[in-house]
Amino acid sequence: MKQAAIPRQVRTFKRRSAEKTNPLAYLFLLPAFGMMAFFMIWPALQTFYISTTSWDGISPKKFVGLQNYIHLFTDEPMFLQAIKNTLLWVVGGATIPVCLGLVFANLLVRGKIRFTKWFQMGFFFPQIISSVIAAVIWKWIYDPSFGPLSAILDQIGIGRPVAGWLGNPDLVMYALFVVFVWGSFGYTTMLFTAALQSVDSQLYDAANIDGCGPWKQFRHVTIPGLKQTITTVVILMTIGSFSVFDIVMATTKGGPGYSSYVISYYVYTQGFIFNRLGFAAAASIVLTLFILIVSRTIIWIRERDQ
C-alpha cells in the first residue's frame with residue numbers, strides 16, 4: 001500500500017510544480033507589471049539619465065556622465081551637510097518613535113489603563129493634522145519673542161536661547177526632530193497596539209505564573225511577539241526620515257545657513273530654485289540608494305536573527 005501511495009504523491013507533486021511554473025500564469029501579471037513599468041521603472045530610468053546631464057529644464061541636455069555625482073561629494077558642502085543631517089535624522093527616526101510606540105502600546109494594552117480609547121485617539125491626533133500645519137504651529141511654539149515655550153522657560157527661571165530654537169545652528173535639528181517625533185510616535189503606537197492584540201494572552205499567563213514581572217513580560221513576550229511588526233515599522237520610519245521635507249520647508253528652509261538641510265530639501269532647492277536639474281536628479285538617486293541599502297540591511301538583520 002505504501003509503495004502504491006508514493007508514486008501517486010510524486011505525480012501530484014509534479015503536477016502542482018508544473019502548475020506553479022506555467023508560463024501562461026504570468027500573462028495575468030502583465031497589466032500590473034505594465035502599470036508599474038510606466039509609472040515607476042520608466043520615470044526612475046529617466047531620472048538616472050537626467051542625473052548624467054547638465055540641464056536647466058529648458059535648454060538642451062548636455063551629457064556629463066558621472067560628473068554630477070563626483071561634484072556632489074567633492075564640491076558641494078550643502079549636500080554633505082544634508083547627508084549628515086539626514087543620517088542623524090534616520091537614526092533618531094528609526095529608534096525614538098519606535099521605542100515610544102512600543103512603550104505606550106504596551107501600557108495601553110497590558111497596563112489596563114482606563115479610557116484607553118481616548119488615549120489612543122489623543123496619540124493619533126497629530127496624524128490627522130497636515131504636517132505643514134503642524135510645522136507652522138511648532139514654529140509659533142518655538143518663537144523666541146512670544147512663543148509659549150519661551151514664556152514657560154521664563155516663568156521657571158530657565159534662560160531661552162539667544163537666537164531662538166530655530167535660529168541656533170546647534171539646536172535647530174533637535175528642535176525639528178521634536179516636531180517629527182510628536183507627529184509620528186502616535187502612528188507607531190497605533191500600529192503596535194493593533195499588533196499586540198494578536199499576541200497570545202496565554203503566553204503572558206504562563207510568564208506570570210513563572211514569576212515574570214511587567215518588564216520581563218515586555219522583554220521576553222511582547223518584543224518577540226512583535227518582531228515582524230517592529231521590522232515593518234522601523235522600515236516605514238526609516239523611509240519617512242529619509243524623505244522628510246515639509247517640516248524643514250515650513251519652518252527653517254534649511255537655515256540658519258545650511259544647518260538644517262536634508263537631502264530631500266537639497267533636491268528641491270537644486271531643481272526648483274537654482275534650476276540645476278542634473279544635480280537634483282543625482283541627489284535623488286543617492287537618496288534612493290540610501291533608502292534601499294538601509295531598508296535591505298534592516299530586513300537582512302531580521303532574517304539573520306530568525
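Residues numbered from 1 in each chain as written. Predicted model: local features only at pLDDT ≥ 70, side-chain atom pairs only at ≥ 80, totals over all residues. Heavy atoms only, no water.

Engineer: It is not clear to me how the overall build of the chain should be interpreted in this structure. Could you clarify?
Structural biologist: Within the chain, the regular secondary structure consists of 15 helices and 2 strands. The C-alpha radius of gyration computed for the chain amounts to 26 Å, which surpasses the reference 19 Å derived for 306 residues by more than 25%, pointing to a less compact arrangement than a globule. For the chain, the proportion of its 306 residues judged to be buried stands at 36%. A sequence separation of at least 24 residues applies to 67% of the contacts in the chain between residues at least 6 apart. By element, 68% of the accessible surface of the chain is carried by carbon and sulfur atoms, the whole surface being about 18,900 Å². Of the side chains in the chain, 24 bear a positive and 13 a negative charge, and the two mean positions are spaced by 13 Å. (Helix = DSSP H or I, 4+ residues; strand = E, 2+ residues; numbered from the N terminus. Rg over C-alpha atoms; globule rule 2.2 N^0.38 Å. Buried < 20%, exposed > 50% of the residue type's maximum accessible area, 1.4 Å probe, protein only. Contact = heavy atoms within 4.5 Å. Areas by Shrake-Rupley, 256 points an atom, 1.4 Å probe, with all protein chains shown as cover. Lys, Arg positive; Asp, Glu negative; His and termini not counted. Charge placed at Lys NZ, Arg CZ, Asp CG, Glu CD.)

Engineer: I keep staring at the side chain of S259 and nothing clicks. Help me out?
Structural biologist: Here S259 lies in the loop between α13 (246-251) and α14 (263-273). A polar contact of 2.6 Å, which involves the side chain of S259, links it to the backbone oxygen of P256. (Polar contact = N/O pair within 3.5 Å; in protein donor to acceptor, adjacent residues only side chain to side chain.)

Engineer: How should the packing of aromatic side chains be read in this particular structure?
Structural biologist: Two aromatic rings, taken as a pair, are described by how far apart their centres are and by the angle between their planes. Applying the stated criterion to the full structure yields 20 aromatic pairs. Between W138 and Y142, the ring centres sit 5.6 Å apart and the planes meet at 45 degrees, which makes this aromatic pair tilted. Neither residue differs from the other here; W138 and Y142 are each classed as buried. Ring plane angle 65 degrees and centroid distance 5.3 Å describe the contact between F245 and Y268, whose orientation is recorded as edge-to-face. Of this pair, F245 sits in the loop between α12 (227-242) and α13 while Y268 sits in helix α14, and the two are 23 residues apart along the sequence. Under the relative-accessibility criterion, F245 is labelled partly exposed at 27%. Feature note: the residues F245, Y258, Y261, Y265, Y268 and F272 constitute an aromatic cluster, connected by ring pairs. (Phe/Tyr/Trp six-rings, centres within 6.5 Å; stacked < 30°, edge-to-face > 60°.)

Engineer: It is not clear to me how the packing of helix α4 (residues 77-93) against helix α9 (residues 172-196) should be interpreted in this structure. Could you clarify?
Structural biologist: Look at α4 against α9: their axes get within 11 Å of each other, and the N-to-C directions meet at 40 degrees. In terms of axis orientation, α4 runs oblique to α9. Every pair of crossing elements has a handedness; the one defined by α4 and α9 is right-handed. On the side of α4, the interface is formed by N85, W89, G92 and G93, while α9 contributes M173, L176, F177 and F180. Here the residues of the contact of α4 with α9 are counted per class, giving 5 nonpolar, 3 polar and no charged. (Axes fitted to C-alpha atoms, helices over the stretch in contact; angles between N-to-C directions. Parallel < 35°, antiparallel > 145°, perpendicular 65-115°, else oblique. Left-handed = near helix turned anticlockwise from the far one by under 90°. Nonpolar A, V, L, I, M, F, W, Y, C, P; charged D, E, K, R; others polar.)

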